[in-house]
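If you want the building blocks of each chain, they are given just below.
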Amino acid sequence: MSVQQVIFISFALLTVFSAIMVVSLRNLFHAALWLVLALLGIASLFALLGASFFAAVQILVYIGAIAILLIFAVMLTRNIMSDEVTQTNRAWGLAVLLVSVIFFIIIGQISSWSGFSQPLSEFTYTGQETILALGKGFVSPSGFALPFETASVLLLAALLGGVYIAMDKGKE
Amino acid sequence: MTISKWLGGLLSNWGVNDSWSTFILYLIGSAVLGTVALLFTLLFIWAERKIIGRLQDRYGPNRVGPWGIFQSVADMVKIFIKEHIIPSGVDPGPYHLAPIIVVASVLMVLAIVPLSTTLLGSDLNVAVLFLLAVGGLGEVGIIMAGWGSNNKYALLSAFRASAQMISYEIPMAIVLLTIVILSGSMSMNDIVLAQDIPFIILLPLGALIFFIASIAENGRAPFDLAEAESELVAGFNIEYSGLKFGMFYVADFLRAFISAVIFSTLFLGGWRGPGAESIPALGIVYLIIKSLLVWFLGVWIRGSLPRYRIDQMMKINWKFLTPLAILLLVVVMLAGKLVESAGSTIQAFTLIGLNLILLAISMWILRKNETRVEIIEVGSRDRPVARPDNILTKNPRGG
Amino acid sequence: MVSLSWYLILAAVIFLIGVYGVIVRKNSIAILMSVELMLNAVNINILAFWHYNTQLNGVIDVSGMVFAAIVIIAAAAEAAVGLALIISVFRRKNSVVAAEMNILKG
């Protein structure tokens, strides 16, 4: 087995295990910490794929911002649902069944595709090329300038909307 | 470099696969770097206590060894053999993991610092982003410590610390973006190579913003709200004792030096200096000298300025540093485009001029809006000095 | 070497764990966490195909990276607005259980 395979398998197992912990733990704060671990595992898989930009952005945005936001929200709303109350509804058996059926359908469908077991070679672009390509793709009018601008408007709207919705109007 | 070549040859002689030997070499390299950094910390703790002592007209550590130089070794031994108390009601997972994560997030930064022409951990192509991302990991560690301790002061302090770190990451990121524009690359090595003129000369305002933001990011005085003794007992590490407290302590002092290393890499030209290209070992010396200067400035500020209030801390960031950083970014972009075809001297002078103009305007606005607080003097300003020959406190009025 | 199928299967597994969480969890913050897992699984898929395409064509494939970036942007916006909504609902009803958010019911 090569190094890549060992690294991939260990990080994949880590990610899957922490993802299962995220959806099954009763203590929501612990679930959020496992989510951080799952996101870290996914970031290392991105790095393994050669997408180092996205690995760094994953840690920066997901762990540095979203996970911290989730942890804050858990702390702000914690006393209501104590850890003793069951955190799942009655449909869990049905959900497991549904999820496994979907899994086999997806794998069955894509495994018939010819590129499915194509080995991925080592990524050859390790310098600034990928980032430059991404930047040029984002700002060139023939590329993705419009989606980029739309995304910035979306972020601004989310910022304003988030502040407006969460503002405590009663106490003004 | 020769050592790594020799080790690689040794490993391949043992029949180790090529990619495996790279993996093992990286492991050994990171272990060596981490250990050296942690050993250096002992020295920094001593030096910082000594300097702060002199700044405050005290002796500082002076009992163990000459000039008290072995004080931190004694402290380390004490911390090792101390009883390790785990308070009842802690959340064991987060409580035990937090110090490790905090120390790791500090040490991980070292992986991307180019120590000399040939010696660097990893020439990551997104090193600048990595720098910010690792800061985010530190926040998670602090929140885990605050939550896991099951103590309201620890939790409040963790909230303060994470709010402060998230806020001050924004002006820092924008200034880093300016540097990326000037150097045309996100890799630390390229940034160092692009500094024929150190960026502190081209971007004095950017350097100032980055320096303030990095002090706040480290949570040191005057931004040490997270461990304000008079309000919060001792910060997010109240419930820790023994070795685990020692890890937080080491992380605190190490972070101060590593952010000085980062500052000198980004703004002072890193390992560059006369003769550093031909003799790589000289590069490390230059880097350490530059970092020590920046670090001393930080310690000086820590010893002189009183702590800010939390609303003042937020105001400094959101109403001063962030708008200024955004303005600087826009100005550098536009000016860089306008004088793109001109010679490099004209470009440099344009950048310096614009920076100084921006700085002057912001200072003028600050001056205009400042409100004077009447201070009633009680007694005389002259005070007795314990050591009249101490250069730092020679003036009878202090300072 | 690691083949494309490994990444695809891993992405499918994580996505379905996320789906399971969204269906089963009662707490709306936990549902939001599961949604984050699903978005990340999508990103693994996108970047695996991006690597595959780049390797196949020999030039850097831009659209894959753009898709991944847009997914991350959407996730950030979703988390901000979603958590603001949850906090707002919590203030009004003192509960974060998704089944109890039923003011709009006739």
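Asks: It is not clear to me how the domain arrangement of chain A should be interpreted in this structure. Could you clarify?
Replies: Frequently, the measure chosen for interface size is the accessible area that the parts lose on association. All names here are of chain A. With domains assigned, chain A is organised as domain 1 (1-80) and domain 2 (91-172). One C-alpha centre belongs to domain 1, the other to domain 2, and the line joining them spans 16 Å. Carbon and sulfur atoms make up 69% of the area that domain 1 and domain 2 hide from each other, which totals about 390 Å². Sorting the residues of domain 1 by area buried against domain 2 places Leu49, Gly50 and Phe53 first, and these three jointly supply 72% of that buried surface. Across the contact surface, domain 1 and domain 2 share 0 salt bridges. Taken together, the links from domain 1 to domain 2 amount to 0 residue pairs in polar contact (both at pLDDT 80 or more). Taken together, the residues that form the side of domain 1 that touches domain 2 break down as 3 nonpolar, 2 polar and no charged.

Asks: When you look at the interface of chain A and chain B in this model, what are you seeing that I'm missing?
Replies: Between chain A and chain B, the residue contacts involve 29 residues of the former and 27 residues of the latter. Between chain A and chain B lies a buried interface of about 2,300 Å² when both sides are counted; carbon and sulfur atoms form 78% of it. Of all residues in chain A, the largest losses of buried area upon contact with chain B belong to Val3, Leu60 and Gln128 of chain A, amounting jointly to 22% of the total for that side. Across the chain A-chain B interface, the total number found is 0 salt bridges. Counting every contact that joins chain A to chain B gives 1 residue pair in polar contact (both at pLDDT 80 or more). Secondary structure elements with two or more residues in the side of chain A that touches chain B: helix H1 (3-24), helix H2 (28-49), helix H3 (52-76) and helix H5 (129-139) of chain A. Residues that form the side of chain A that touches chain B fall into these classes: 19 nonpolar, 9 polar and 1 charged.

Asks: When you look at the pattern of salt bridges in this model, what are you seeing that I'm missing?
Replies: Pairing between side chains of opposite charge can happen when their charged atoms approach one another. Residues and elements named next belong to chain B. A complete count under the given rule lists 3 salt bridges over all chains for this structure. Between arginine 302 and glutamate 48 there is a salt bridge whose closest N-O contact spans 2.5 Å. Taken as a pair, arginine 302 in helix H12 (residues 280-304) and glutamate 48 in helix H2 (residues 18-55) lie far apart in primary sequence, 254 residues in all. Looking at arginine 302, the relative accessible area reads 31%, which means it is partly exposed. The closest approach of N and O atoms between arginine 309 and aspartate 311, which form a salt bridge, is 3.0 Å.

Basis of the calculations
Residues numbered from 1 in each chain as written. Chains lettered and ligands numbered in written order. Predicted model: local features only at pLDDT ≥ 70, side-chain atom pairs only at ≥ 80, totals over all residues. Heavy atoms only, no water. Domains from an automatic or database assignment. Buried area = accessible area lost by both parts, 1.4 Å probe. Salt bridge = Lys/Arg side-chain N within 4 Å of Asp/Glu carboxyl O. Polar contact = N/O pair within 3.5 Å; in protein donor to acceptor, adjacent residues only side chain to side chain. Nonpolar A, V, L, I, M, F, W, Y, C, P; charged D, E, K, R; others polar. Contact = heavy atoms within 4.5 Å. Helix = DSSP H or I, 4+ residues; strand = E, 2+ residues; numbered from the N terminus. Buried < 20%, exposed > 50% of the residue type's maximum accessible area, 1.4 Å probe, protein only.

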